[in-house]
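# Tertiary structure, described
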Amino acid sequence: MSHSGREELLTRHEANPIITPADLPFMANAVFNPGATTYNGETLLLLRVEHRTGLSSLVVATSKDGLTDWTIDPQRGLEPLLDSFEERWGIEDPRITRVDDDYYVVYVGYSLAGPLVLLATTKDFITWNRHGVLMTPDDKDAAIFPVMFDGRWALLHRPSPTGFGLGAHVWLSFSPDLRHWGDSRVILPARRGGWWDANKVGIGPPPLLTAAGWLVCYHAVRVTASGSIYRLGLAMLDRTDPSRVIARGNEWILAPTEHYERTGDVPDAIFPCGWVLREDGETLHIYYGAADSVVCVAEAKLSELLNHLVRHPISEHHDEMPARDAYRA
Ligand code: BMA
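Residues numbered from 1 in each chain as written. Predicted model: local features only at pLDDT ≥ 70, side-chain atom pairs only at ≥ 80, totals over all residues. Heavy atoms only, no water.

So, about the environment of D183. When you line up the elements, D183 lands in strand β13 (residues 182-188). For the pair D183 and V31, spaced 152 residues apart in sequence, the C-alpha to C-alpha distance is 36 Å. Setting aside chain neighbours within four positions, we find D183 in contact with R152, L172, S173 and F174. Here the side chain of D183 touches R152 through a polar contact of 3.1 Å, side chain to side chain. A distance of 2.9 Å separates the side chain of D183 from the side chain of R185, its partner in a polar contact. (Helix = DSSP H or I, 4+ residues; strand = E, 2+ residues; numbered from the N terminus. Contact = heavy atoms within 4.5 Å. Polar contact = N/O pair within 3.5 Å; in protein donor to acceptor, adjacent residues only side chain to side chain.)

Structure, rendered in structure tokens:
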């Protein structure tokens, strides 16, 4: 079995956690799992704020360098429709995809029937156009690609079937109009047995187009005798056919080790929903929630992530995964 070298691929920022509930201009329990993008030359995070009701809403934070001096603007963001079926218990975990001047925000609604996937679009994070439900419960960890494939939008998402013990996998679905979704298939199955990414996986930030294809960062949940551990890994999808997985890392690239990741409302959870590739085309900032309590950032060199994946062609350990065809509808 091949091992990576001694160098970590991701470096945590020294000021982590970069945003905590104490930074908010109102009382809240936690701030975590932000979506990320650039807006007017600044980094914009759409924070998941968990209020002291237990319910979450989405609030904008901006920064010139994407690392420090965050301005939190409670007037910008998205409030849940608490009278609705779909958002009755709040909205969570936004993934932002920029398409020209529009921002497509795919987020989780905590509905009366469980978590489901919703879409809202905006140009300014103040005025929103809600497009309704993309995926019915239980489904979450969803993000839309910034381009269409043969005239169809593409969505990564993670249904969680209950009662069968067959795991929760990353699916890809298509739509001609953002309303009707189908042609669904599993693209990143959870591995099995002792693997770090056995049983339950879900994507993190929206896929990022690179010279080698669509870079995907995903989380995996390992259930242990004393709780769950969330870790992060990488995969690469084909540029023109995103249902084709070109590479998948065998080892995780980030695991909870710091005190702010190991202690909090949900210990040992690191959960990214956004990343921003800087103007040099090489520096990647990955924004993640730590322990469902605070916001953190880690930096990576894009070329190093791609080199890492080159060492992990999809054929390696393929037999550790369920046959993909078994999951086709
Ligand atoms: C996942 C999501 C995330 C959360 C994580 C850890 O299922 O609900 O919002 O951060 O669990 O609790």
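Taken together, N33, R48, D93, K140, Y230, V266, F271 and D292 form the complete shell of residues around the ligand. Within the side chain of N33, one N or O atom sits 2.9 Å away from an oxygen atom of the ligand. The separation between an oxygen atom of the ligand and a polar side-chain atom of R48 is 2.8 Å. The protein chains hide 85% of the 310 Å² of surface that the ligand would expose on its own. Of the residues in the shell around the ligand, the class split is three nonpolar, one polar and four charged. (Near = heavy atom within 4 Å. Areas by Shrake-Rupley, 256 points an atom, 1.4 Å probe, with all protein chains shown as cover. Nonpolar A, V, L, I, M, F, W, Y, C, P; charged D, E, K, R; others polar.)

A few words now on the sheet that holds strand β1 (residues 10-12). Spatial strand order, β1-β21-β20-β19: four strands in an open sheet with antiparallel pairing. In this open sheet, the two strands that pair with only one neighbour each are β1 and β19 (270-277). Between one strand axis and the next, the sheet turns by 30 degrees as a mean value, whatever way the strands run. Pairing of strand β20 (residues 283-290) with strand β21 (residues 294-301), which is carried by eight bridges, proceeds in the antiparallel orientation. Looking at the pairing, I286 lines up with A298 of β21. (Pairing = 2+ DSSP bridges. Axes fitted to C-alpha atoms, helices over the stretch in contact; angles between N-to-C directions.)

Once that is clear, we can look at the pattern of salt bridges. Counted according to the given criterion, the structure contains 16 salt bridges. The partner of E42 in a salt bridge is K64, with the nearest N and O atoms 3.3 Å apart. Of the two residues, E42 sits in strand β3 (residues 42-50) while K64 sits in the loop between β4 (56-63) and β5 (71-78), which places them 22 residues apart along the sequence. For E42, a relative accessible area of 22% translates into the label partly exposed. Taken together, the salt bridges that share partners define one network made up of R48, E92 and D93. (Salt bridge = Lys/Arg side-chain N within 4 Å of Asp/Glu carboxyl O. Buried < 20%, exposed > 50% of the residue type's maximum accessible area, 1.4 Å probe, protein only.)

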